[in-house]
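Remarks on the overall topology
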Amino acid sequence: MSDAIRVPYNYLPMQFADYSEIAAGWDALIKTADFTLGAFMEKFESEFADYIGSPHCLATNNGTDALILALKALGIGPGDEVITPCNSFYATTGAIVAVGATPIFCDVDERFQADVDDMDRRVTPRTKALLPVHWAGASPDMVKVMDLAQSHGLLVLEDACMAIGGKVHGQSPGTFGDMGAFSMHPLKTLNVMGDGGMVITKDDDGMRWMLQYRNHGMVDRDHIDIWGVNMRLQPLQAVVASHMLTSLDERLARRREIQRTYDEHLGALGPSIVVPPRADWNPETVSLYMFQADNRDDLIAHLVANGVEAKVHYPVPLHLQKPGHELGYGPGDMPGAEAQADRLVTLPAHEYLTELQVELAMGVVEDALARR
Ligand SMILES: Cc1ncc(COP(=O)(O)O)c(C=O)c1O
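Sequence positions are assigned chain by chain, starting from 1 and proceeding in written order. Local features are withheld for residues below a pLDDT of 70 in this predicted model, meaning they are given only at 70 or higher, and side-chain atom pairs are given and counted only at 80 or more; totals for whole chains, interfaces and linings count all residues. Side-chain measures were taken over the full set of non-hydrogen atoms in the model, leaving aside hydrogen atoms and water.

**Points about the domain arrangement of the protein**
Bear in mind that the domain bounds are from an automatic or database domain assignment. Each assigned domain of the protein is listed with its residue range as follows: domain 1 (13-242) and domain 2 (248-370). The interface is formed by 37 residues belonging to domain 1 together with 38 residues belonging to domain 2. With both chains or domains summed, domain 1 and domain 2 bury close to 3100 Å², and 62% of this area falls on carbon and sulfur atoms. The largest per-residue losses of area from domain 1 upon contact with domain 2 belong to Phe105, Arg111 and Phe112, which jointly make up 20% of the total buried on that side. Put simply, a salt bridge is a Lys or Arg side-chain nitrogen that is within 4 Å of an Asp or Glu carboxyl oxygen. Here domain 1 is connected to domain 2 by zero salt bridges. Side-chain atoms alone can form a polar contact between residues adjacent in sequence; in general such a contact is a pair of N or O atoms within 3.5 Å, and within protein one must be able to donate a hydrogen while the other accepts it. At the surface where domain 1 touches domain 2, the tally comes to 19 residue pairs in polar contact (both at pLDDT 80 or more). Secondary structure counts use DSSP, requiring at least four H or I residues in a row for a helix and at least two E residues in a row for a strand, with both numbered from the N terminus. For the side of domain 1 that touches domain 2, the elements supplying multiple residues, two or more each, are helix H1 (12-15), helix H5 (90-98) and strand S3 (102-106). Among the elements that make up the side of domain 1 that touches domain 2, the one with the highest residue count is S3 (four residues). Taken together, the residues of the side of domain 1 that touches domain 2 break down into 20 nonpolar, 10 polar and seven charged. Between two residues, a contact is recorded if the distance between any of their heavy atoms is within 4.5 Å. Two parts placed together each lose some accessible area under a 1.4 Å probe, and the buried area is that loss summed for both. Amino acids are sorted into nonpolar (Ala, Val, Leu, Ile, Met, Phe, Trp, Tyr, Cys and Pro), charged (Asp, Glu, Lys and Arg) and polar (every other residue, Gly among them).

**Notes on the pairing of strand S5 (residues 155-159)**
Only protein chains enter the calculation, and the probe is 1.4 Å; a residue is then buried if its accessible area is under 20% of its type maximum, exposed if over 50%, and partly exposed in between. In terms of residue burial, S5 counts as a mostly covered element, since four of its five residues are buried. Pairing between two strands is assigned when DSSP locates at least 2 bridges connecting them. The sheet contact formed by strand S4 (residues 127-130) and S5 spans two bridges and is parallel. Counterpart to Ala129 in the pairing with S5 is Leu155. The β-α-β motif built from S4, the intervening helix H7 (residues 142-152) and the parallel element S5 has right-handed crossover chirality. Here S5 runs beside strand S6 (residues 179-183); their pairing, made up of three bridges, is parallel. For a crossover, the right-handed case is the one in which the path from the first strand over the helix to the second runs clockwise, viewed with the strands pointing away from the viewer.

**Some thoughts on the pattern of salt bridges**
Scanning all chains against the criterion turns up 20 salt bridges. A salt bridge links Glu45 to Arg214, with the shortest nitrogen-to-oxygen separation between them at 2.9 Å. Residue Glu45 is located in helix H3 (residues 39-52), and its partner Arg214 is located in helix H8 (residues 204-214); the two are separated by 169 residues in the primary sequence. An identical accessibility class is assigned to Glu45 and Arg214; each is buried. For Asp222, the salt bridge identified is with Arg221, shortest N-O distance 2.6 Å. Of the two residues, Asp222 and Arg221, neither departs from the other in class, the shared state being exposed. Beyond isolated ion pairs, a larger network of salt bridges with shared partners links Asp118, Arg121 and Arg122.

**Describing the sheet that holds S4**
The mixed open sheet is built from seven strands, whose spatial order is S1-S7-S6-S5-S4-S2-S3. Bordering the open sheet on either side are strand S1 (56-60) and S3, each of which pairs with just one other strand. Within the sheet, the average angular offset between the axes of one strand and its neighbour, ignoring direction, is 25°. Note: strand S2 (residues 81-85) against S4, three bridges, orientation parallel. When the sheet's bridge partners are listed, Val82 is paired in S4 with Ala129. Interaxial angles span 0 to 180 degrees and are taken between N-to-C directions of axes, which are lines fitted to C-alpha atoms, for helices over the stretch in contact. Each of S1, S6 and strand S7 (197-201) is contacted by H3, which is oriented at about 130° to S1, the strand it contacts most.

**A word on H3**
Taking 1.5 Å as the rise per residue, H3 with 14 residues should run 20 Å; its terminal C-alpha atoms sit 20 Å apart, in good agreement. Looking at the packing, one finds that the buried side of H3 touches S1, S6, S7, H8 and helix H9 (235-267). Downstream of H3 by a residue or two, Gly53 has a phi angle that is positive, lying close to 85°. One less than the residue count of a helix, multiplied by 1.5 Å, gives the span that helix is expected to have.

**Some remarks on the site of the ligand**
Close to the ligand lie 17 residues; Gly63, Thr64, Asp159, Ser183 and Lys188 are nearest. Within the backbone of Gly63, a nitrogen or oxygen atom sits 2.8 Å from an oxygen atom of the ligand. For the ligand, a nitrogen atom lies 2.7 Å from a polar atom in the side chain of Asp159. Contact with the protein chains hides 94% of the accessible area of the ligand, taken as 380 Å² for the molecule alone. Counting residues per element, the ones that place at least two in the shell around the ligand are helix H4 (63-73) and H5. Top contributing element to the shell around the ligand by residue count: H4, with three residues. Classifying every residue of the shell around the ligand gives seven nonpolar, eight polar and two charged. Neighbouring residues are identified by heavy atoms, a residue being near a molecule or strand if any of them is within 4 Å of it. Using the Shrake-Rupley algorithm and a 1.4 Å probe, accessible areas are obtained, with residue cover drawn only from the displayed protein chains.

**Quick look at the packing of H4 against H5**
In contact at an axis separation of 9 Å, H4 and H5 are set at 40° when each is read in the N-to-C sense. Classified by the interaxial angle, the pair formed by H4 and H5 is oblique. Every pair of crossing elements has a handedness; the one defined by H4 and H5 is right-handed. The segment H4 lies against H5, with Thr64, Leu67, Ile68 and Leu71 engaging Ala91, Thr92, Ala95, Ile96 and Ala98. Residues belonging to the contact of H4 with H5 are distributed by class as follows: seven nonpolar, two polar and no charged. By the definition adopted for this analysis, an angle is roughly parallel if under 35 degrees, roughly antiparallel if over 145, roughly perpendicular if from 65 to 115, and oblique otherwise. The sense of a crossing depends on the near helix, which, turned anticlockwise from the far helix by less than a right angle, makes the crossing left-handed and, turned clockwise, makes it right-handed.

Set out below in C-alpha cells:
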C-alpha cells in the first residue's frame, strides 16, 4: 500500500513540459498586440473548421457558452422543451436552463450514450430540440438521432465538448445536427491552457448572428444590430489551440491503444466488471475511460490506495441533483443511468501513460477482485 500516485489522472504538467513552440507563437502574437479577436483567432477558427469538416466555426470563451450561444442562435427559449441525456456534465443542462428553456431528461444505454428510443418517448408538442451528448468521447448513433429529429421536425444541437477528434460513421461529432458545441477546457482533448470553446454550423445566417452576439452585437465600433455579450476566446489561447491541434490525432491514437488494452484485459476479468461495448463506426476520443464494477466504492478505494487515480463520472445523475428534483424528477425515473451511477469507474487513460502504468492499473483492478 502506498499514498504515492503511480498512475496519475492529471496529465497537464506533462502536456506542457515543453512549451517552446507555443511561446514562439505568443511572441509573434504579442508583437502584433492583437489581443481581441484578430488574425490569430481567425487562423485557428479556419484550422478547426478544416479539421472538423464544417463550413463555419467560431471560437468562444468556454464550452458552456458555446452551448448557450448555439441554443440562442437556434431560437430556443422559454416554453421550449429540449431533450438531453441525464448522465452528462452539469453544463449541458445548465445551458438549456440559461436560455430559459425546459430540460427533459432521457435515459442512457450500455455505451453510456443517450438512449434514442427513450428520447423518442419523451417528445411532446412542446419539444423544440434534441441535445445529444458525445459522452466520455464516445458518441450516440447520430444517424438514429437525426432520423428521430426529422420524424418530429426537431432541431439538433450536439454537445461534442468531449469529442474533438472523434468520428461517427466517418464524420466528426458535431457535424450531424444544426449546430455542434465543443470545449477546449484543460481536461478535453484540445487543451488551450484554460477555458475555451467552439461552435460549428452549416447555417450562414446562424453563423452571422453568432459572430455578432459573441461580440456585443457590434457591426462596427459605433453601431450594434442586436444586444449581445462578450463570449470571445482569448487570442493567446488560440495560439495554444493551433499548436495542440497539430498533435491531436497522434495523441488520440495512443489513447485508443490504451483503451483497447484496458478493454481486452478488464473485459476478461469476469462478470463483476462490465466494459461498455465499442462500435466500429465510432472511434472514440477516450476523454474518460469508464467501465462498470460490482462493489465500485471498494474498488476505487483499493485503486487510490495503490496509487491509481481512479474517479467516478458521476455518482449522481443530473435528474437526481437538487435542481433535477426541482424539475420534478426522482429516483426510478432513469433506471439505466441510476444503476450505472453506482457502478461507474474511470481509470486514467491519457496519452502520457507508459505501458508499465497501464499494466499497473489493470493489475490493481485484478488484485482487488482476487481479494473479494
Ligand atoms: C459534456 C460536456 N458538456 C459541456 C461542458 C462544458 O464545457 P466548459 O467546461 O468548457 O464550459 C463539458 C466540460 O466541462 C462537458 O464535459
